[in-house]
There are 2 protein chains.
Amino acid sequence: MDLLVTNIGQLVTNDERNGELLGVIEGAAVAIEGGDVVWVGLDERIPERYTSHQVCDVAGAAVLPGFVDAHTHAVFAGDRSHEFAMRLSGARYEQILADGGGIYSTVRATREATLDELVDASLPRIARMLAAGTTTIEVKTGYGLDTATEVKMLDAIDRICNVLPIDTMPTFLGAHVVAPEFADDRGAYLDLVTGAMLDAVADRVAFVDVFCDTAAFTVSETRRIAEAAQERGLALRVHADQLAHTGGAALAAEVGAVAVDHLDYSSDEDLVSLARAGTVAVLLPGVSYSMREPPPDGRRAWDAGLTVAIATDCNPGTSYIETMPFIISLAVVMSGMTPDEAVWSATRGGALALGLHDRGVVAPRHLGDLVVLDAPSYDHLAYRPDGELVAQVIKRGKVL
Amino acid sequence: MDLLVTNIGQLVTNDERNGELLGVIEGAAVAIEGGDVVWVGLDERIPERYTSHQVCDVAGAAVLPGFVDAHTHAVFAGDRSHEFAMRLSGARYEQILADGGGIYSTVRATREATLDELVDASLPRIARMLAAGTTTIEVKTGYGLDTATEVKMLDAIDRICNVLPIDTMPTFLGAHVVAPEFADDRGAYLDLVTGAMLDAVADRVAFVDVFCDTAAFTVSETRRIAEAAQERGLALRVHADQLAHTGGAALAAEVGAVAVDHLDYSSDEDLVSLARAGTVAVLLPGVSYSMREPPPDGRRAWDAGLTVAIATDCNPGTSYIETMPFIISLAVVMSGMTPDEAVWSATRGGALALGLHDRGVVAPRHLGDLVVLDAPSYDHLAYRPDGELVAQVIKRGKVL
């Protein structure tokens, strides 16, 4: 698609050459050809050769790179709203899980659903994410916990990605929790997840993920899964230190994970290790909001020199949140980030958390993925938490 | 409008005769004639005489009374997003106000705006509130602080109310802060607010409101304004104990205010006085969220036996929040209410805070104002804070 986006009041480029963290240009325009940005500059100096492109005049609005949501469980079946009410009445997450609820409840529903049903349940959710400006999304498996259902989840992701103009990065999360039928034989489940199940999905996923925490997998089990992933050339992500400080973040740094997510209970030393290892910290303030727990400390993560991403963790248990603008608000209001840091973390930070260097920046040779706000400044995103401020989404140069 | 709403999976009636706080009926239908509810019952027992009405089949969705937003400053001009960023950098609300920002910034912009400009700035905001299920809204003046602009604000409210099918209750808030040109003569401004300015608006407003707090009016000044309102037969509302415990809530109870709003710093004794006086407590958790302050204690207010409402306080400085579903989420997550209490406070509580007994309840002889959710249960409202769950709004029997 050849497109010329003009009359941009405030353009967030995330390109340091344009100054400071967000590389903001006032009075900007962007030219896109073949889905990629080919030119970024001042609106009053648009080169002649782009003026025959289709024009998208945004009338002074703020424009940002498309949001990259680097941690979601957006494909699932079933309804767990009642668990939210149970937790408000004092039930603990770990106890709900131990009683066969929590993740196990979604596993049952996802196993029972046909592929069509799973797509029907999940597609509207991901369509809503796209409409709210998310142009690239990571989606995890992990509600199957048997090979057939894990593969069915990947089939659902493929089907949705074929219908919606959103880029989807699938992650294998067989190590979400131990499958219920292996409750008395964790070792056999680990054999499956690091063996036949992993083999069945290895050529269809970008990452292997492990939920390393008190209610899920130990550090040594996580190490074993990491090794299996690396043997197959797959990059690693780790859920760590969400429920307690178990050492998952330190392990993630040690084994060179691309990203480590949650970090609510991580120590200062963990953060230093992650920064040294170049592992991206993915903070998930929506979980803390929904669980009524203390928020992840975004201020500390930035000050530790980490590359920080923020994501929805969209899932039916602990964060039924779909939109990145709301996560930006939470990151500022609850996690102590500045609006600039939160916007960067929702765009370039998210891209880096997925190992993607072709997006999250508005510059030549990057994807033409843009979000047009119904506001003159990105400051409005944190300022108006229920503002529904995304007016238009442009994906690879196509105005959706 | 004659309408039959059928196939309601879960109907919140707020009618105690149907059981518990929310009077929920599963598998319900509602008949509306001439804008009023005429029948509520089981979907399988709809009387013959309603079956020729226009049918609105909601396919198993949850239906609630229209939200009543009992505290807003939704008519204003100007942009104060930069103040939000200033506060994040440590600036205090009182200091911004003392420096001529805050409310004074909006006063300048609102005075400068023509009536058309004020309507153009405010109508989309109120349209959005309506689309999110708010069928009755209170709107305060108080960004004029001179007679002409206070009247212009009432004109804007009238114009918007003529265009949008939303019921608007205007409140005179000349006593928002002392007008800047009276900074050295508070007494003269009080003379104006209790005299000529009040006379100019008295027959156009439902209430008189006072911002009784450290940065605004003292308790004795508030008492004087209350007396002037009562002399003209106008009911009183009071902003109290938002910034500090100044005694405003106790005064509101003493003078029989309809509602007292904020109450963040009120004492337990204050709450007892308010409960005895029958004054409705309007809690505004969106302000605490946006200001990064401790939330109002909804649990304490309910446990004190108060009639509790929740509202957006939509305003450009301390709570640029437009939608009641998000306020319900905040009331549950931050203020410790149960989902049932939050839904009641957003509907019947809001109506009572405005002295309205003809809405907030789905029962015969009440307005046919309904909200249809894109969800099977009202539990989803708190569970999905950015869910945009309002699928349809019905105002006085008309599907919007």
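To keep things clear, this report deals only with the structure shown in the data block. Since the model is a prediction, treat every value here as computed from it, not as a measurement. (Residues numbered from 1 in each chain as written. Chains lettered and ligands numbered in written order. Predicted model: local features only at pLDDT ≥ 70, side-chain atom pairs only at ≥ 80, totals over all residues. Heavy atoms only, no water.)

### Looking at the overall build of chain A
Thought 1: For chain A, the helix and strand inventory stands at 16 helices and 16 strands.
Thought 2: For chain A, the C-alpha radius of gyration of 21 Å lies close to 21 Å, the compact-globule estimate for 400 residues.
Thought 3: Oriented by its inertia axes, the alpha-carbon framework of chain A measures out at about 70 × 45 × 45 Å.
Thought 4: Sequence separation of 24 or more characterises 71% of the internal contacts of chain A that already satisfy a separation of 6 or more. (Helix = DSSP H or I, 4+ residues; strand = E, 2+ residues; numbered from the N terminus. Rg over C-alpha atoms; globule rule 2.2 N^0.38 Å. Contact = heavy atoms within 4.5 Å.)

### Points about the pairing of strand E9 (residues 207-212) of chain B
All names here are of chain B.
Thought 1: Counting buried positions along E9 gives 6 out of 6 residues, so the element sits mostly inside the fold.
Thought 2: Of the two faces of E9, both are covered, the one formed by Phe207, Asp209 and Phe211 as well as the one formed by Val208, Val210 and Cys212.
Thought 3: After leaving E9, the chain enters helix H8 (residues 219-231) and then returns to the sheet as strand E10 (residues 235-240), a path that is right-handed. (Buried < 20%, exposed > 50% of the residue type's maximum accessible area, 1.4 Å probe, protein only. Right-handed = clockwise from strand over helix to strand, strands pointing away.)

### Some words on the interface of chain B and chain A
Thought 1: Contacts between the two partners involve 31 residues from chain B and, on the opposite side, 31 residues from chain A.
Thought 2: Where chain B abuts chain A, roughly 3,100 Å² becomes buried across the two surfaces, and 56% of that area is made up of carbon and sulfur atoms.
Thought 3: Counting across the chain B and chain A interface gives 4 salt bridges.
Thought 4: Those elements that place two or more of their residues in the side of chain B that touches chain A are helix H1 (81-88), helix H13 (324-333) and helix H16 (379-383) of chain B.
Thought 5: Ranked by the residues each element gives to the side of chain B that touches chain A, the list is headed by H13(B), at 5 residues.
Thought 6: Looking at the side of chain B that touches chain A, its residues break down into 16 nonpolar, 6 polar and 9 charged. (Buried area = accessible area lost by both parts, 1.4 Å probe. Salt bridge = Lys/Arg side-chain N within 4 Å of Asp/Glu carboxyl O. Nonpolar A, V, L, I, M, F, W, Y, C, P; charged D, E, K, R; others polar.)

### Digging into the sheet that holds E9(B)
Residues and elements named next belong to chain B.
Thought 1: Pairing is parallel across the open sheet formed by 8 strands, whose spatial order is E6-E7-E8-E9-E10-E11-E12-E13. At either margin of the open sheet sits one strand with a lone partner, and together these are strand E6 (67-69) and strand E13 (308-310). Geometrically, the sheet is characterised by an average inter-axis angle of 25° between neighbouring strands, direction not taken into account.
Thought 2: Direction of pairing for strand E11 (residues 259-262) relative to strand E12 (residues 280-283): parallel, over a ladder of 3 bridges. By the bridge assignment for E12, Ala259 is matched with Val280.
Thought 3: Of the strands in this sheet, strand E8 (167-175), E9 and E10 touch H8, which is tilted by about 175° from E9. (Pairing = 2+ DSSP bridges. Axes fitted to C-alpha atoms, helices over the stretch in contact; angles between N-to-C directions.)

### Observations regarding the packing of aromatic side chains
Residues and elements named next belong to chain A.
Thought 1: Inspection of every chain in the model, using the stated rule, returns 17 aromatic pairs over all chains.
Thought 2: Seen in terms of ring centroids, Phe182 and Tyr189 are 5.4 Å apart; in terms of plane orientation they differ by 50°. Their pairing is tilted.
Thought 3: The exposure class assigned to Phe182 is partly exposed, which follows from its relative accessible area of 22%.
Thought 4: The buried category is assigned to Tyr189, whose relative accessible area is 0%. (Phe/Tyr/Trp six-rings, centres within 6.5 Å; stacked < 30°, edge-to-face > 60°.)

### Side note on the packing of helix H6 (residues 186-194) of chain B against H8(B)
Residues and elements named next belong to chain B.
Thought 1: Two elements in contact, H6 and H8, have axes whose closest approach is 10 Å; the angle formed by their N-to-C orientations is 20°. Classed by the angle they form, the pair H6 and H8 counts as roughly parallel. Once H6 is placed against H8, the crossing between them reads as right-handed. Together, Arg186, Gly187, Leu190, Asp191 and Thr194 of H6 and Glu221, Arg224, Ile225 and Ala228 of H8 make up the contact between the two elements. (Parallel < 35°, antiparallel > 145°, perpendicular 65-115°, else oblique. Left-handed = near helix turned anticlockwise from the far one by under 90°.)

### Description of helix H1 (residues 81-88) of chain A
Thought 1: Buried residues of H1(A): A:Ser81, A:Glu83, A:Phe84 and A:Arg87, and no others. Buried residues of H1(A), seen end-on, are gathered within an arc of 155° and therefore sit on one face of the element.
Thought 2: Contacts made by the buried residues of H1(A) are with helix H2 (93-98), helix H3 (103-112) and helix H11 (285-291) of chain A together with H13 and H16 of chain B.
Thought 3: Residue A:Gly90 follows H1(A) closely and has a positive phi angle near 110°. (Arc of directions from axis to C-beta.)

### Digging into the pattern of salt bridges
A side chain of one charge can pair with a side chain of the opposite charge if their charged atoms are brought near each other.
Thought 1: Tallying each qualifying case throughout the model produces 57 salt bridges over all chains.
Thought 2: One salt bridge connects B:Glu94 with B:Arg92, and the closest N-O pair in it is separated by 3.2 Å.
Thought 3: You can call B:Glu94 partly exposed: its relative accessible area is 23%.
Thought 4: Three or more residues joined by partner-sharing salt bridges are found here, namely A:Asp167, A:Asp358, A:Arg359, A:Asp369, A:Lys395 and A:Arg396.

### Some points on the sheet that holds strand E9 (residues 207-212) of chain A
Residues and elements named next belong to chain A.
Thought 1: Reading across the sheet, the 8 strands line up as E6-E7-E8-E9-E10-E11-E12-E13 and stay open at both edges, with parallel pairing between neighbours. Every interior strand has two partners, whereas the edge strands, strand E6 (67-69) and strand E13 (308-310), have only one. Across the sheet, the mean angle separating the axes of adjacent strands is 25° when strand polarity is ignored.
Thought 2: Where E9 meets strand E10 (residues 235-240), 6 bridges bridge the pair, whose relative direction is parallel. Looking across to E10, one finds that Val210 is bridged to Val238.

### Quick look at unusual backbone geometry
All names here are of chain A.
Thought 1: One non-glycine residue, Leu263, lies in the positive phi region at around 65°.
Thought 2: Residue class for Leu263 comes out buried when judged on its relative accessible area of 5%.
Thought 3: Look at Arg396: it is not a glycine, yet its phi comes out positive at around 45°.
Thought 4: On the secondary structure map, Arg396 appears in the loop between strand E15 (390-395) and strand E16 (398-399).

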